[in-house]
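Understanding the architecture of this molecule
Residues per chain are reported as follows:
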Amino acid sequence: MEIAVIGAGAMGSAIGRRLVENGARVFTYLDGRSASTIERAKAAGMEPVGLDAIATSRLILSIVPPAEAVAVAEQIAAELRRMGAKTTFMDCNAISPRTMTEVAAIFGRDCGVVLDGSIIGGPPKPGQKGPKLYVSADTANDSDVLVEYGLQVRHIDGAIGAASALKMCYAGINKGVTGLGAAMLLAAIRSGADAALKRELQESLPDLDAKFVHGIPDMYPKAYRWVAEMEEISEFLGEDDPAALIFKGMARLYRKMARDREEGGLLARQLDKLNSGG
């Protein structure tokens, strides 16, 4: 069976590998992608093909940074219409229900079926179950085929937007806490209260401290992708919700962390030194 995975980042390539390992033939589209992305896709056993082959796949999974979700949908829908083909397209990106509705509208009714998907958890690893793929608007259970090829699929009752809403809420909590920790630890470092804050976290909030120790370093290479995700969460909450401002701020924070990484990672080194007790 042919399954297309658009996006060969850490998550897309790992999911592609899991599908290949369980017997699926996995296509991907790599035109204009970096050498490292191409190598990662090939190492996962994914087959680089043209858009025409992508369009004839039984199922297409879009696993790209949130800012690219709409452009990918437009590209695939245009190819389906050019070929007069139909398929099942699942957007698995961290986008708001409103953006997911926009994606569905791009395909209309003449390109096949559009499913709303969201991935919660890290990339699948050998010997582990891997992330959960939540799916809504799947009245025909088209996504169940993915279970046959090694993925965890959980259905959500609801139309387009339900799975995206789950992702927004979960990511808002999980990545919001990571961002909050990074912001306050950096503030403590600037103010000379870092050692005292670290000790207090270890004593009174050990679980949260452990999350920061592991989650903050894991965030650095992903911060550039989390910017758009935080903006999507802000849009999801809406202008009338004061919490929307929190996630606009989180977007700026993650943009700052991404820029720091590009410029040598001074802030990252300070956080790592504090978290390691150095």
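Residues numbered from 1 in each chain as written. Predicted model: local features only at pLDDT ≥ 70, side-chain atom pairs only at ≥ 80, totals over all residues. Heavy atoms only, no water.

Going by what an unreviewed UniProt entry lists, the protein is known as 3-hydroxyisobutyrate dehydrogenase-like beta-hydroxyacid dehydrogenase and is assigned to Rhizobium miluonense.

Turning next to the environment of Ser13. Among the secondary structure elements, Ser13 is positioned in helix 1 (residues 10–21). The class of Ser13 is buried, set by a relative accessible area of 7%. Taking C-alpha positions, Ser13 is 25 Å from Ile233, a pair spaced 220 residues apart along the chain. (Helix = DSSP H or I, 4+ residues; strand = E, 2+ residues; numbered from the N terminus. Buried < 20%, exposed > 50% of the residue type's maximum accessible area, 1.4 Å probe, protein only.)

For Ala137, which is not glycine, the phi torsion reads 70° and is therefore positive. Take Ala137: it is sitting in the loop between strand 7 (132–136) and helix 6 (145–148). The phi dihedral of Asn141 falls on the positive side, at around 55°, and the residue is not glycine. Mapped onto the elements of the fold, Asn141 is located in the loop between strand 7 and helix 6.

Attention now goes to the layout of surface pockets. There is about 1000 Å³ of room inside the largest pocket. Considering the residues around the largest pocket, the lining is formed by 40 residues, among which Met11, Lys175, Lys222, Arg225 and Trp226 are closest to the centre. Breaking the lining of the largest pocket down by element, the ones donating at least two residues are helix 1, helix 2 (35–43), strand 6 (112–120), helix 7 (162–191), helix 9 (206–219) and helix 10 (223–237). At six residues, the largest contribution of residues to the lining of the largest pocket is made by helix 7. Here the lining of the largest pocket is composed, by residue class, of 17 nonpolar, 13 polar and 10 charged. (1 Å grid on protein atoms, 1.4 Å probe; cavity = no way out; pocket = protein on both sides within 12 Å on 5 of 7 lines; lining within 4 Å. Points joined across faces, edges and corners; volume = space filled by probe spheres on them. Nonpolar A, V, L, I, M, F, W, Y, C, P; charged D, E, K, R; others polar.)

Once that is clear, we can look at the side chain of Thr99. Residue placement: Thr99 occurs in helix 5 (residues 97–107). Here Glu232 takes part through its side chain, which lies 2.8 Å from a polar atom of the side chain of Thr99. Excluding anything up to four places from it in sequence, Thr99 contacts Val70 and Glu232. (Polar contact = N/O pair within 3.5 Å; in protein donor to acceptor, adjacent residues only side chain to side chain. Contact = heavy atoms within 4.5 Å.)

Attention now moves to the packing of aromatic side chains. Overall, the coordinates contain two aromatic pairs when judged by the stated rule. Consider the rings of Phe89 and Phe107, whose centres lie 4.4 Å apart with planes at 35°: the pair is tilted. Of this pair, Phe89 sits in strand 5 (residues 87–91) while Phe107 is found in helix 5, placing the two residues 18 residues apart along the sequence. By relative accessible area, Phe89 is classed as buried at 0%. (Phe/Tyr/Trp six-rings, centres within 6.5 Å; stacked < 30°, edge-to-face > 60°.)

Our next topic: the packing of helix 10 against helix 11 (residues 243–262). Axes are the key here: two packed helices are described by the angle between their axes and the distance separating the axes. For the pair helix 10 and helix 11, the least separation of the axes is 8 Å and the interaxial angle reads 170°. In terms of their interaxial angle, helix 10 and helix 11 are classed as roughly antiparallel. Listed contacts from helix 11 to Ala223, Tyr224, Trp226, Val227, Met230, Glu231, Ile233, Ser234 and Leu237 of helix 10 are Ala243, Ala244, Phe247, Lys248, Met250, Ala251, Tyr254, Arg255, Met257 and Ala258. Residues that form the contact of helix 10 with helix 11 fall into these classes: 15 nonpolar, one polar and three charged. (Axes fitted to C-alpha atoms, helices over the stretch in contact; angles between N-to-C directions. Parallel < 35°, antiparallel > 145°, perpendicular 65-115°, else oblique.)

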